[in-house]
Amino acid sequence: MKNTLPETTPFFARDREWHPPAYTPGYKTSILRSPQRALISLEGTKSEITGPVFGHNILGEFDNDLIVNYAKPGEMAIGERILVHGRVLDERGRGVEGALVEFWQANAGGRYRHKKESYLAAIDPNFGGCGRTITDADGNYAFKTIRPGAYPWPNGVNDWRPAHIHFSVFGHGFAQRLITQMYFEGDPMIWICPIVKTIPDKQAIEQLIAALDMNATIPHDMRAYKFDIVLRGRRSTLFENRLEGN
Amino acid sequence: MAQSLNYLKESPSQTAGPYVHIGCTPNFVGIEGVYAQDLGSGPMVNADTRGERITIRGFVYDGGGTALKDALIEIWQADADGFYNSPSETRGKADPNFLGWARCPGDMATGEFLFETIKPGRVPFRDGRLMAPHVTFWIVARGINLGLHTRMYFSDEEAANAEDPVLARIEHKVRVPTLIGKRDGDTVTFDIHLQGDKETVFFDI
Ligand SMILES: [Fe+2]
C-alpha cells in the first residue's frame, strides 16, 4: 500500500494441489460438504481483486491479548503463556500491510467456550478464546495467549486435534481471503490428525507449524512461537495481461 | 537445476471448524465484552447510503439436503454505482457510507443467513464489458477445507444477466440458475447447494 501504485492486477492462480481438496473422506464432515463439480475458472475481475480494508480504529486495547481480554479485572487466563508473532506475506515475499488477522482457540485444557461444545475439560472463567490484530507496515503481527490444549472430537472413535490456533486473514483483495490453523513445533499429534491430513503435501503441512522462537521470548514472562502466513501474490504490472476472448 | 524463482507458497487452508464463530462473531455465541460488536454484523446501510435497499437471505445445504447450521457467510459487493470501497478501486470513489462487506453466521436453529444491503451497480469485466449486478459470496464451515467463492446475480436483471461475461463462461447452461437470487419485492432469496443436482457453481478466482 505504501509508496506503491494501487494494486490492480489479478492474483497468481491458486495452487490447488497445495491446499486440501474439498473431498477428504478421512475427515468425515467433508463428505457431504464438498462440491463435486469442477470449479469455474474466473481470473480476477474488479470483484475479486478488490477487498475491504479495516482500520486500526476497529481494534480495542486488549484485542491482541487473550490472556486478559476476557478475564475479570486483575485476573488472567490459566495456561502456558506464549507470544505468537510473525509476518503476513504475499507469494512474492513482500509484507502485507494492514491485514486484519483474527484468531481463536481452545483454552489450556482443550475446551472451547461455545454452546455446542461438550468436552468435559473445564471452562476457564477468564478465557474467551478470541483475538485480532492488524499488521504493521512490514506485515508484522503479534499477540499474547496461552498455549491451547489438544482435544478429542467426533470423527473416528479416538481422534484428537493437536494443539492449534485458528487464523482468519484478510489481505487487500477478496480473492486472498484465507482461513487456516497454526500448529506447534514438536507436537506428535499433528501427524495423526485427520484434519491436518486433508493437506496432501508434507511440506505444505510444515508451513502451518509454528517454530519455537527463543529470540522473541519475553524473559521471565512468556515463550514465543513464530508463525508466518502467506497470502496469494499479485501478477506483475510490468506488462499488460492479454485479455482472454470469450 | 535452474535458478529458484523464489516465490513463497500460499499458506494451505484448513477448515474453519465448528467454532469459527468464536473468532469471527464472538458476541453471536455469547462471548461478550471482548469486542463491542461482531465485525460485519448488522445492516450494511445507514441513512445516507445510496441505492435500493434489499435483503438477501438463504440457506447453505449439504449433499444430503440438510441446511448447515454452523456456516459463516461473507459477502463483498460494489456500491449502487458499481464502485468498490477498496484501495484497489481505481475507477472512482465508492460511496463512503457503504463498506460493501459483511459477514453473517447461519442461524443456529435454522441455518438461515441474512444481509440487509443495497443492490449493487454494474462493474466492468476485464475487457470493459459490463457484468450484471452481482454479490460475491465466500462460505466457510466445518467440513469445508478451503473457503468457497461464488456469486449471486439477480432474477430481475434478465437482460444484463444474458450479456454477463462470467455467466457466459459456464458451459452447462442448466447450472446458471444456481447463481441467480430470486427477487420478490425487497427480498432476494439465494440458497447455496454444496452438492447434488442443484450444486451451486463455485469459482476458482
Ligand atoms: Fe479447533
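Residues numbered from 1 in each chain as written. Chains lettered and ligands numbered in written order. Predicted model: local features only at pLDDT ≥ 70, side-chain atom pairs only at ≥ 80, totals over all residues. Heavy atoms only, no water.

Draft legend 1. Region of interest: the overall build of chain B. Helix and strand counts for chain B come out as two helices and 11 strands. Tracing chain B from N to C terminus, the helices and strands come up as α-β-β-β-β-β-β-β-α-β-β-β-β. For 205 residues, the compact-globule formula gives about 17 Å, and the C-alpha radius of gyration of chain B, at 18 Å, lands near that figure. Overall, chain B is about 60 × 45 × 40 Å in size when its C-alpha atoms are taken along their principal axes. Out of the 205 residues belonging to chain B, those deemed buried represent 59%. (Helix = DSSP H or I, 4+ residues; strand = E, 2+ residues; numbered from the N terminus. Rg over C-alpha atoms; globule rule 2.2 N^0.38 Å. Buried < 20%, exposed > 50% of the residue type's maximum accessible area, 1.4 Å probe, protein only.)

Draft legend 2. Local environment of the environment of Y19 of chain B. Positionally, Y19 of chain B belongs in the segment before helix 1 (20-24). A relative accessible area of 10% places Y19 of chain B in the buried class. Residues Y19 of chain B and A71 of chain B lie 52 residues apart in sequence; the distance between their C-alpha atoms is 9.7 Å. Non-local contacts of Y19 of chain B, meaning those with residues more than four positions away in its chain, are made with W104, Y112, H114, K116 and E117 of chain A. (Contact = heavy atoms within 4.5 Å.)

Draft legend 3. Here's a closer look at the pairing of strand 10 (residues 209-212) of chain A. Residue and element names in this part refer to chain A. Pairing geometry for strand 9 (residues 178-184) and strand 10, over two bridges, is parallel. Of the residues in strand 10, the one forming a bridge with F184 is A210. Sheet analysis places strand 10 next to strand 11 (residues 223-226), joined by two bridges and oriented antiparallel. Across the sheet, the residue bridging to L212 is Y225, located in strand 11. (Pairing = 2+ DSSP bridges.)

Draft legend 4. Expanded view of the UniProt feature "domain: Intradiol ring-cleavage dioxygenases" (unreviewed entry) in chain A. UniProt's entry tags residues 84-112 of chain A with the feature "domain: Intradiol ring-cleavage dioxygenases" (unreviewed entry), counted in the numbering of this structure. Helix makes up 0% of residues 84-112 of chain A and strand 41%, with an end-to-end C-alpha separation of 19 Å. (UniProt positions renumbered as here; feature names shortened; annotations may be inferred.)

Draft legend 5. Structural view of the confidence of the model for chain B. Residues with a pLDDT of 70 or more make up 100% of chain B, whose mean pLDDT is 97. For this predicted complex, the interface score ipTM comes out at 0.97, while the overall pTM is 0.96. (pLDDT = per-residue confidence, 0-100.)

Draft legend 6. Inspection of the coordination of the iron ion at higher detail. Residue and element names in this part refer to chain A. Around the iron ion, the protein contributes the donor atoms Y112 (OH), Y151 (OH), H164 (NE2) and H166 (NE2), which lie 1.9 to 2.3 Å from the metal centre. Around the iron ion sit four donor atoms; with metal-centred angles ranging over 90 to 162°, the donor geometry is irregular. Counting residues between consecutive donors of the iron ion along the chain gives the motif Y-x38-Y-x12-H-x1-H. One end of the pair, Y151, is in strand 6 (residues 151-153); the other, H166, is in strand 8 (residues 164-169), and 15 residues separate them in sequence. Accessibility classification places Y151 together with H166 in one group, the buried group. (Donors = N, O, S within 2.8 Å, 3.2 Å for Na, K, Ca; no water. Tetrahedral: all angles 85-135°; square planar, octahedral: opposite > 155°, others 65-115°.)

Draft legend 7. Local environment of the environment of I56 of chain B. Residue and element names in this part refer to chain B. With respect to the helices and strands, the residue I56 is situated in strand 1 (residues 53-58). For the pair I56 and F113, spaced 57 residues apart in sequence, the C-alpha to C-alpha distance is 8.1 Å. When neighbours within four sequence positions are excluded, I56 is seen to be in contact with F113, L114, F115, T117, V135, F137, M152 and V188.

Draft legend 8. Looking closely at the pattern of salt bridges. According to the stated counting rule, one finds 27 salt bridges over all chains in the structure shown. A salt bridge links R235 of chain A to E43 of chain A; the nearest nitrogen and oxygen atoms lie 2.8 Å apart. Here R235 of chain A, found in the segment after strand 12 (229-231), pairs with E43 of chain A, found in the loop between strand 1 (40-41) and helix 2 (46-49); they are 192 residues apart in sequence, far enough to count as distant. For R235 of chain A, a relative accessible area of 32% gives the class partly exposed. According to the relative accessible area criterion, E43 of chain A is partly exposed, its value standing at 24%. One salt bridge in this structure joins E102 of chain A and R103 of chain B, with 2.8 Å as the shortest N-O distance. Of this pair, E102 of chain A sits in strand 3 (residues 100-104) while R103 of chain B sits in strand 4 (residues 101-105), on two different chains. As far as the burial class goes, E102 of chain A and R103 of chain B line up, both buried. (Salt bridge = Lys/Arg side-chain N within 4 Å of Asp/Glu carboxyl O.)

Draft legend 9. Inspection of a nonpolar patch on the surface at higher detail. All names here are of chain A. On the surface, a nonpolar cluster with roughly 260 Å² of combined accessible area is contributed by Y23, I31 and L32. Positionally, I31 belongs in helix 1 (residues 30-33). Residue class for I31 comes out partly exposed when judged on its relative accessible area of 33%. (Patch = residues over 30% accessible without salt bridge, like charges linked within 9 Å, V, L, I, M, F, W, Y side chains within 5 Å. Areas by Shrake-Rupley, 256 points an atom, 1.4 Å probe, with all protein chains shown as cover.)

Draft legend 10. Local environment of the packing of aromatic side chains. Throughout the structure, instances matching the rule amount to 21 aromatic pairs over all chains. Considering the side-chain rings of F167 of chain A and F227 of chain A, the 5.0 Å spacing of their centres and the 50° angle between planes classify their relative orientation as tilted. Of the two residues, F167 of chain A is situated in strand 8 and F227 of chain A in the loop between strand 11 and strand 12; the sequence distance between them amounts to 60 residues. The structure contains a cluster of three or more aromatic residues connected by ring pairs, namely F103, Y141, F143, F167 and F227 of chain A. Taking NZ or CZ as reference, R177 of chain A lies 3.6 Å from the ring centre of F170 of chain A, over its face. Its guanidinium or amino end placed over the ring of W18 of chain A, K9 of chain B lies 5.1 Å from that ring's centre, counting from NZ or CZ. (Phe/Tyr/Trp six-rings, centres within 6.5 Å; stacked < 30°, edge-to-face > 60°. Lys NZ or Arg CZ within 6 Å of the ring centre and 35° of its normal.)

Draft legend 11. Highlighting the interface of chain B and chain A. Across the contact, 81 residues belong to chain B and 97 residues belong to chain A. Together, the buried faces of chain B and chain A total about 7900 Å²; carbon and sulfur atoms form 57% of this surface. Of all residues in chain B, E10, Q14 and R126 of chain B bury the most surface against chain A, accounting for 12% of the area lost on that side. Linking chain B with chain A are eight salt bridges, by the criterion used here. Taking the shortest distance from any N to any O, the salt bridge between R33 of chain A and D70 of chain B comes out at 3.0 Å. (Buried area = accessible area lost by both parts, 1.4 Å probe.)

Draft legend 12. Representation of the nonpolar core. Core analysis: the largest hydrophobic core is formed by 90 residues, its most contacted members being V84, V88, F167, F227 and I229 of chain A. It is strand 9 of chain A that contributes the most residues to this core, five residues altogether. Setting aside anything within four residues of it in sequence, one finds V88 of chain A in contact with R94, G95, V96, A99, V101, T135, G139, Y141, V169, I229 and L231 of chain A. Core analysis: the next-biggest nonpolar cluster, separate from the first, contains 27 residues, A71, V135, I144 and L148 of chain B among them. (Core = buried A, V, L, I, M, F, W, Y, C linked by side-chain atoms within 4.5 Å.)

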